Amino acid sequence: MANRGQKRSDIVDQLPADKRACSSLDFRPSSSNSSIQTQINSSNSTFEGHDNDMETSSSASASGRSEGEGDKDPAYDSCDSDELGEPDRKNSLRDYHRRRFSGDYGKFKRIISVLTDVEPSGQLDALSELCELLSFCTENSISSLISDSLAPLLVKLAKNESNPDIMLLAIRAITYICDVFPRSSSFLVRHDAVPALCERLIAIEYLDVAEQCLQALEKISRDQPLACLQSGAVMAVLNYIDFFSTSIQRVALSTVLNVCKKSPSDCPLNFMEAVPILCNLLRYEDRQLVESVAACLINIVERISNSPEKLDEICQHGLIQQATYLIDLNSKTSIYRPVYTGLIGMLAKLASGSRVATKTLFELNISRILKDLLHGIPLPGMIDGNCDQVHEVLKLLNILLPTLGSNQDDQRRQILVNHPDLVQHFGFDILPTLIQVVNSGANTYVCYGCLSVINKLVYLSEPHMLVELLKDTKISSSLAGVFTLKDPHVLISALQIAEAVLQKLSDTFLNPFVKEGVFFAIDALITPEKGLDLTCPVQTSVQLSSESSQKSNEILRCLCYAFDTGQSPSSSEKESCKIEKDSVKNLAMEIGTKYFDSELNKSNKGMTIILQSLRTCSDALTDLVNLPLTYRDAYEEKLNCLVHQVMEKLNGRESISTFEFIESGIVNALVNYLSNGQYLRDKADELHDISSGIEKRFEAFTRLSLSLDDMPLSVLIQKLQCALSSVETFPVILSHLSKLRHSYATVPYGRCIKYPCLKVRFVKAEGETNLIDYTEDIMTVDPFSTMDTIGGFLWSKVSTKKDEHSRQSARSMRRKSSFRSRPDQVNIPEMQEAKGIFAAEEALRQTTSVEMTSLDEPDVDSVEQERHFSSEADSDMKTQIEGSETTSNFASGSRKSMINGHQPKSFSSEDSSLKLVFYLEERQLDQGLTLYQAILREKTRAGLGSFSNEKLWSQVYTLTYKTASNHEQNTQGSSVLDKVGRCEQRFPLFSTIVLSELSCDVEKSSPTYNIVFLLKSLEAMNRFKFHLIARERMNAFAEGKVNGLDSLKVGIFSSIPKSEFLNGKLTGKLEQQLRDRLAVSIGGLPSWCNQLMGSCPFLFSFEARYKYFHLALFGSSFYNNDNITSNSGPPNDRRSNFSILPRKKVLVCRNQILDSATKVMDRYASYKVAIEVEYEEEVGTGLGPTLEFYTLVSHALQESGLGMWREDNKSSKDEDNGTVVSRFGLFPRPWCSTLETSNGVQFSEVIKMFVLLGQVVAKALQDGRVMDISFSRAFYKLMLGQELGIYDIPSFDPELGRILIEFQALVSRKRFLDSVGGETSASMVDTCYYGTRIEDLCVVFTLPGYPDYLLSADADDKMVNMFNLEEYVSLVLDATLNAGILRQVEAFRSGFNQVFPIKYLQIFTEEELERLLCGERDSWDFNELLEKIKFDHGYTASSPPIINLLEILRQFNHEQRRAFLQFTTGAPHLPLGGLAALNPKLTIVRKHCSKWVDEDLPSVMTCANYLKLPPYSSKERMKEKLLYAITEGQGSFHLS
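Residues numbered from 1 in each chain as written. Predicted model: local features only at pLDDT ≥ 70, side-chain atom pairs only at ≥ 80, totals over all residues. Heavy atoms only, no water.

Further remarks concern the environment of Tyr-105. Mapped onto the secondary structure, Tyr-105 falls in helix H3 (residues 86–115). A relative accessible area of 29% places Tyr-105 in the partly exposed class. Between the alpha carbons of Tyr-105 and Ser-143 there is a distance of 8.5 Å; along the sequence they are 38 residues apart. Apart from residues no more than four positions distant in its own chain, Tyr-105 is found in contact with Leu-145 and Ile-146. (Helix = DSSP H or I, 4+ residues; strand = E, 2+ residues; numbered from the N terminus. Buried < 20%, exposed > 50% of the residue type's maximum accessible area, 1.4 Å probe, protein only. Contact = heavy atoms within 4.5 Å.)

The structure is reproduced here in structure tokens:
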């Protein structure tokens, strides 16, 4: 075979550039290999775009400008292009096409006449001209007449074997004309073009001709697949496929795929001879090639699925082995998800019709692969983007096992009978996983599929085998949970499993079934009035994603046929259900009579001994707690003994099932005990009297947990988590929209939105006289609009009092406010609206570069553009993140303080929106919810757990409006958290927890509410254990139970790990809900997500809460999902925020860093842009200089001369840079309200610095930056809106905290002695401070450490004594924790709120917030460094210089590690996620030195985390040069 590559190049060089590539991918912009490849390319384009975000030190940022200039106005509110001049443009375009067609037509006619000439040279020139003409013409330039005339000529010339050049160009022209004018393929087929091309392929004399034939056949196969099939094109393109390059192989496979997919289903089967070649191609490494081959084989198997002989034949070529390898999660080849799912479905079809396939799958240990697949799919609900995959896995599992009671699967049953070990191995792999899926809260469809497989496994297993299979599976508790479902299909399967287990292992499982509540559930099925409200619908709705394949969309509506392995039923059979009306009750009665007859006759049936014992204890505990307060103190010791007894029972030798735990009443009893009998009682007027009793309860319970080494408490928490997972019914509601479509929302703003609208009809309520009828019929409403926003829009339309104020209020609602706060104002905005999300997305799409801005010159245009962007991103419709159902408007102007626990109202001054209330189906809607949320809530309350998403958007909703009464106006704006906030100001922490209500829709009498309430109380007790222990010891000292102030010291104690309070099931549900783009974008999360996140964030993992926080800031438009698997971890890439935000480049002065930072933040704090820093007279820019900017600002804000921080005896000044260093963290320095200057520092400047600090901290969190500043735990608490007390002072000033606690103990001691008797000499000794009278301490009324801070007006003449000691302690606490720092904290919060609402942080703990802001430490172990660092360009992991470097890094101390990180990345701390989170990955390459290697220094590119390391001759020399570089090479950025 000759290679004509050089000659071909000579010819091709004469053609247009876009015609020189052989790959169809590069052929024309409109070309594509296949639909699958097109989807792959489009899906990957998003990720490829992120690669452009890497900067280098040489700063060529302007080169990235392509589709738009800098900060273009995203023009979010505009619809399509305006209509001005549209007719003229259309006429001009029509004239242009007419002239173009006329000119091209003449050229085609001339070329046709030349091609009829027999002179080869003339034909060659004409073909070249034809190819060039086809390169630039459009479909309108070619007519059917021209195409029909060209077809026979081109086919004839393609057969011209005497002149290869003419043959090549003729085939190329065929390719081009099919691409430009697809209808021409029919003319070519009519003139036998396909056989001619196949003949050239089979002959394969010239490689370039063969490649061109493949491309021509790919074009023709798109519209003429049958002709290609009949002409043998499949084998023609596959015969010599190994001779071609990968790109041409892809083209060949696209042809085969087109033929397989588009050929009529009833055409002859001509694919079987191609199967061996296709199976061999599955072994290739190219992903696109393998996907095309897999798609071909999937279609072939679909065609022959009704022929067992053909299926057996196809299995002989290794198809089963290759397919199982590809779907194995351990495989190195990753496949596009639809193809991946199709392979699983293909295996199901093979197993359904082929005995060979079934046996091979068992031998290949398919159960292990499918088990891994189920583990890799999010468990809760399991109906999201992976729904097709779940269906195919469950279907394959059901097919592999024979159908119960059917003779159709005799062959499959015979295989398992002859090889019982296969059943056992299959069961060991699959059974635990399926039970885990059922326990996780899987939806009805998935649950039924799992139970079907479990039922078959139990039926096929022998008793001795079944014992081993079920030994560690908790099958009893799983069945008990399944029986709470209402679907009859699920209930029948569960009953059949229970019956089979009892039939084979009655002695083993009878008692566990009673203990776990299976008996109770079966008894409830027999008598529904005692338990379940069972219904037996004819059909069961199965929700599927709109991204589902066609086959999955055709899943039968009735579960009876969902996993049917036989022929598809007829349409009439689809409508009928196999389950008869009383089947569930009859089967339950049969099981109860046969196996639980003895239990049915008992008076206390279903109650085990341990359950009776627990119920007795809980009843006794409840009775004692409910005694009147006057009698309760006498039984205090007995109360504690009962609690001790309950806790010991929980940790006893006999296990307690979840059913026993729930039914025993322990939860209610413990909640009642901790609340001192005040749980859910409305006694607001008596709170002062009962708060001390509640605090004592928590102190006693803490003391009890310490005496038992926390083990029973840990067991209690585990029991509560299991119970919560068992009883909770929080719904997961997914939109299932494949993509968001544009629509026009008339209400409330009248604009285009990039998501669907809801259709609403507004109707005036009957009897309403103050309003008029709304004249419009059906309105399109923005689903993300809150009800009070809609009410504000409607008020101006229906109010009879259309005064000027009403009109102004209506107009103000249309006006979008900027998200910008004044430094003296602390506002509390809530979550973003979807319009801001999409505006940000539009701005990101149009802003492909960064723009340099000098801080000394006003950037008017960019500021105005960004102000528009900001106003879009920060709307007046926000969903509360803290769980309240009241929505706040940040632009209201009402001054509210988070420290005071208040929340702003929706509108300023006289709120017009609250004059209207709305009703849907006679139920009042919450004004704070979005319309979408309100509708979801009403449908959920109505029990429509499987309502159709399509119907949700097409239905017209009738909203009844009327004027709100005064009561409705007062209650709508007041949430539970408002009441909690007010309580926090007056009462201790635990009283607040107990006396407040959880902000959730769950009924207060339900087990779910009680369990969550108890978990919240225990979590708070665990978090504040130090406070409780210290307070308990102080009370003991006051009452004389212990002597000496030394007894007040709290030693080291253990706490329950925070991970034990995490609920895996709820975390999974939340993550699944967050993956739903539409629900997050338009505030469509079910209300429980926001409510539990606000009131009980500890229930969710840090990763889930970080996603919630991230999506609250940026919206789901920037949340990427992988095509195959979903990453459950947080977006720990510190560049992730930077890459999704538009960038703004700023020029700063290194020597005036605070002034520069102030200018930067004043200009850009309130805008959703990521700043990118460049220093004056330096060339570096990008990530590294930006990170160093935050580090420099962090250090500058810690300077001792600023007067911002406490400088106590435990703090020190870093003499090198004059910064305050405290090993306990920074805490604001107290300033007296009457003091404006101290030590030359103006308090007004301090306030400005705290505003700047808040701005910088918030901007760092928003942009994903790391700061080098160490705040104290107490200051983090202030960030989170928590109150501080005397027990928080030791966290930042241990000495002062110890003294104040001791003074407070003396005050309590004196108060106790005064209450029991008069003053005696003994009492005077008891109130001495370590043997010294208070008066002799010579303490004055000034703040310790701050002599200029006077605590009282007469502080100079007033000494502290025993009688005013309480006043002194109170004044010191107020100065240290409240009045002295209030203005600084307010300023910090004000600056913070300019970037994003500080309340977003309240879902994190202090430790987690520190990780987010300051990064985290990573292990510097040798092996971990080896795994997390990339070696390239001359170095490998085994290179001697690399080994030396890793050993040096491992030996570095803390300061040297900080310096190394600062040198290589620009920040002295690692981001969230550690070394693994660096993006780009830390890379070490070989530096090529000019002369002496040992004299050169390492250099870095901080933007790319790129270290260039010379190959030093020794480890010692390397360490010397590296230390010199990281210590002396900082402070500037230059080219390296």
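Our focus in this paragraph is the pattern of salt bridges. If you walk through the whole model with that rule in mind, you get 48 salt bridges. Note that Asp-1314 is salt-bridged to Lys-1310, the shortest N-O span being 2.9 Å. Of this pair, Asp-1314 and Lys-1310 both sit in helix H59 (residues 1294–1316), four residues apart, which is roughly one turn of that helix. For Asp-1314, a relative accessible area of 45% puts it in the partly exposed group. Overlapping salt bridges bring together Glu-161, Glu-199, Arg-200 and Glu-205 as one network. (Salt bridge = Lys/Arg side-chain N within 4 Å of Asp/Glu carboxyl O.)

What follows deals with the packing of aromatic side chains. Summed over all chains, the structure comprises 33 aromatic pairs. Ring geometry for Phe-1227 and Phe-1292: centres 3.9 Å apart, planes at 5°, overall stacked. Residue Phe-1227 is located in the loop between strand S13 (1219–1222) and strand S14 (1237–1238), and its partner Phe-1292 is located in the loop between helix H58 (1273–1279) and H59; the two are separated by 65 residues in the primary sequence. When the ring centre of Phe-1341 is taken as reference, the NZ or CZ atom of Lys-1358 above it lies at 4.5 Å. The side chain of Arg-1411 reaches across the aromatic face of Phe-1102, ending 4.7 Å from its centre. (Phe/Tyr/Trp six-rings, centres within 6.5 Å; stacked < 30°, edge-to-face > 60°. Lys NZ or Arg CZ within 6 Å of the ring centre and 35° of its normal.)

So, about the packing of helix H5 (residues 144–158) against helix H6 (residues 164–180). Where H5 contacts H6, the two axes come as close as 8 Å, and the packing angle between them is 145°. Where H5 crosses over H6, the handedness of that crossing is left-handed. Residues Ser-147, Leu-150, Leu-154, Val-155, Leu-157 and Ala-158 of H5 touch H6, and the partners they reach there are Ile-166, Met-167, Ala-170, Ile-171, Ala-173, Ile-174 and Ile-177. Taken together, the residues of the contact of H5 with H6 sort by class into twelve nonpolar, one polar and no charged. (Axes fitted to C-alpha atoms, helices over the stretch in contact; angles between N-to-C directions. Left-handed = near helix turned anticlockwise from the far one by under 90°. Nonpolar A, V, L, I, M, F, W, Y, C, P; charged D, E, K, R; others polar.)

The next thing to look at is unusual backbone geometry. In the segment running from Val-747 into Pro-748, the intervening peptide bond is cis, with an omega of 0°. With phi around 60°, Asn-365 is a residue other than glycine that occupies positive phi space. Examined against the element boundaries, Asn-365 turns out to sit in the loop between helix H18 (355–363) and helix H19 (366–376). The partly exposed category is assigned to Asn-365, whose relative accessible area is 24%.

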